[in-house]
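# Observations on the model geometry
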Amino acid sequence: MYGIEVRDASKSFEAGAGTSVTALAGVSVTVRPGEFLAIVGHNGSGKSTLLRAIGGELHLDSGSVTLVDEAEGRNWPAARATPTTVARVFQDPNRGTFPRLTVFENMRMAVMQSRPSVLRRAITDTYRDETTSRLSGVGLDQKGESRAQDLSGGQRQMLAIEMAFVAAPKLLLLDEHTASLDRANEQRCMSATASAARAQGITLAMVTHNLSHAIEYSDRILVLQLGEVVANLAEGDKARVGVQELARLCGYF
Ligand SMILES: Nc1ncnc2c1ncn2[C@@H]1O[C@H](COP(=O)(O)OP(=O)(O)OP(=O)(O)O)[C@@H](O)[C@H]1O
Ligand SMILES: [Mg+2]
């Protein structure tokens, strides 16, 4: 299992006419191996930027993000993370699926991309059962031969999430991944995400505007305002904080 060490991460973007916007202003957080981190805050508070930094997609102005492999006793910069290490699910289901491929083909692509050494034939044989059971768990078992582009937005998102899990990453980054789901699927998806991550030993970092979900499912809540950490609530503190208090910390009122 991998942990994450974010140390004093800062990032500004040019905002035109010689101005700049500070997206991250000295953010530090430690995520233990297997922990579920929720990142909350108002629009533009830096949540997606922090997630991109954790995934190694972003060049920070200063500070660092380190992935920690405790079992092997190795650390390395997030920028060197590979597709076998990190999987991502975004708000837009189109970003996580291949529209012209069928549901089965999408799942197979996820396995192939994350395990380049596995032979195509072995994938077909070994992963068909796992794929079928995953798809039936999210009501997509009858859709295996449908193209992803013919699924509803919510179904496509469920597929994107299952693709992330079948890839067996060490770290799963979720950016408002339940935003396109109806209430029942949102609930189902959140509990499936949390339990699959626990069972597979995956460390989770999730951006959400659903404060109840952050409280119910995560182990740690990081609250951002204007790129700064205004609260870092571990399990004990989290239990004492209700939705109202969390909304206040987010600066909603
Ligand atoms: N690539 C970019 N170029 C310019 N500005 C950016 C870029 N990415 C983010 N920003 C700015 O950085 C700030 C933080 O953006 P970010 O996307 O991290 O916010 P967020 O908390 O994810 O917001 P939301 O809840 O709306 O998704 C915003 O002011 C945004 O306009
Ligand atoms: Mg965002």
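As shown above, the structure is provided for reference.
What this report covers is the structure whose coordinates are included nearby. Here the structure is a predicted model, which means the values were calculated and not measured.

When helices and strands are counted, the protein shows 8 helices and 10 strands. Here the protein has a C-alpha radius of gyration of 18 Å; the compact-globule value for 253 residues is 18 Å, and the two agree. Residues classed as buried in the protein amount to 40% of the 253 residues present. If you take every contact in the protein between residues at least 6 apart in sequence, the share linking residues at least 24 apart comes to 71%.

Alignment of strand 9 (residues 220-225) against strand 10 (residues 228-233), held across 5 bridges, turns out to be antiparallel. For Gln-225, the partnering residue across the bridge sits in strand 10 and is Glu-228. Between strand 9 and strand 10, which pair antiparallel in sequence order, lie 2 residues; one of them, Leu-226, sits at a positive phi of approximately 45°.

With that out of the way, let us pick up the nonpolar core. The biggest cluster of nonpolar side chains holds 67 residues, and the ones touching the most others in it are Ile-39, Ala-53, Ile-54, Ala-164, Leu-172, Leu-204 and Ala-205. Element by element, the count of residues in this core is highest for helix 4 (residues 153-166), at 8 residues. The residue makeup of this core includes at least three contributed by each of domain 1 (1-85 + 169-253) and domain 2 (98-168). For Ile-54, the contacting residues outside a window of four places in its chain are Ile-4, Val-6, Val-65, Ala-78, Leu-173 and Ala-205.

With mixed pairing, the 6 strands of this open sheet are ordered in space as 6-7-8-3-9-10. Each having just a single partner strand, strand 6 (86-89) and strand 10 make up the two edges of the open sheet. When the angles between neighbouring strand axes are averaged without regard to direction, this sheet yields 15°. When strand 6 meets strand 7 (residues 171-175), the two strands line up parallel, connected through 4 bridges. Along strand 7, the bridge assignment pairs Arg-88 with Leu-173. Helix-sheet contacts for helix 1 (residues 47-54) involve strand 3 (36-41), strand 7, strand 8 (203-207) and strand 9, and the interaxial angle to strand 8 is about 155°.

As a further point, take the site of ligand 1. Taken together, the neighbourhood of ligand 1 is formed by Phe-13, Val-21, Ala-23, Gly-41, Asn-43, Gly-44, Ser-45, Gly-46, Lys-47, Ser-48 and Thr-49. Put simply, the parts of the chain that give the shell around ligand 1 at least two residues each are strand 2 (20-31) and helix 1. The element contributing the most residues to the shell around ligand 1 is helix 1, with 3 residues. Looking at the shell around ligand 1, its residues break down into 3 nonpolar, 7 polar and 1 charged.

Most peptide bonds take the trans configuration, and most residues that are not glycine carry a negative phi. Phi is positive for Asp-8, which is not a glycine, with a value near 55°. Mapping Asp-8 onto the fold places it in strand 1 (residues 2-14). Positive phi values are uncommon outside glycine, yet Ala-17 reaches one of about 50°. By secondary structure assignment, the location of Ala-17 is in the loop between strand 1 and strand 2. Ala-17 gets classed as exposed once you count the C-beta atoms within 10 Å, which come to 5.

Counting buried positions along helix 1 yields 7 of 8 residues, so the element is predominantly enclosed. Within the sequence span of helix 1, burial applies to Lys-47, Thr-49, Leu-50, Leu-51, Arg-52, Ala-53 and Ile-54. Directly after helix 1, the chain includes Gly-56, whose backbone phi takes a positive value near 75°.

With that settled, the discussion passes to the packing of helix 2 (residues 103-114) against helix 4. One way to put it is that helix 2 packs onto helix 4 with a least axis distance of 8 Å and a crossing angle of 35°. Considering the relative orientation of helix 2 and helix 4, their crossing is right-handed. Of the residues in helix 4, those in contact with Val-103, Asn-106, Met-107, Ala-110 and Val-111 of helix 2 are Leu-159, Glu-162, Met-163 and Val-166.

What follows deals with the sheet that holds strand 2. The 4 strands lie next to each other as 2-1-4-5, forming an open sheet whose pairing is antiparallel. Looking at which strands have only one partner, the edges of the open sheet turn out to be strand 2 and strand 5 (74-77). Adjacent strand axes in the sheet meet at a mean angle of 20° when their direction is disregarded.

Conventions used here
Residues numbered from 1 in each chain as written. Chains lettered and ligands numbered in written order. Predicted model: local features only at pLDDT ≥ 70, side-chain atom pairs only at ≥ 80, totals over all residues. Helix = DSSP H or I, 4+ residues; strand = E, 2+ residues; numbered from the N terminus. Rg over C-alpha atoms; globule rule 2.2 N^0.38 Å. Buried ≥ 20, exposed ≤ 12 C-beta atoms within 10 Å, placed from the backbone. Contact = placed C-beta atoms within 7 Å. Pairing = 2+ DSSP bridges. Core = buried A, V, L, I, M, F, W, Y, C linked by C-beta atoms within 7 Å. Domains from an automatic or database assignment. Axes fitted to C-alpha atoms, helices over the stretch in contact; angles between N-to-C directions. Near = placed C-beta within 6 Å. Nonpolar A, V, L, I, M, F, W, Y, C, P; charged D, E, K, R; others polar. Left-handed = near helix turned anticlockwise from the far one by under 90°.

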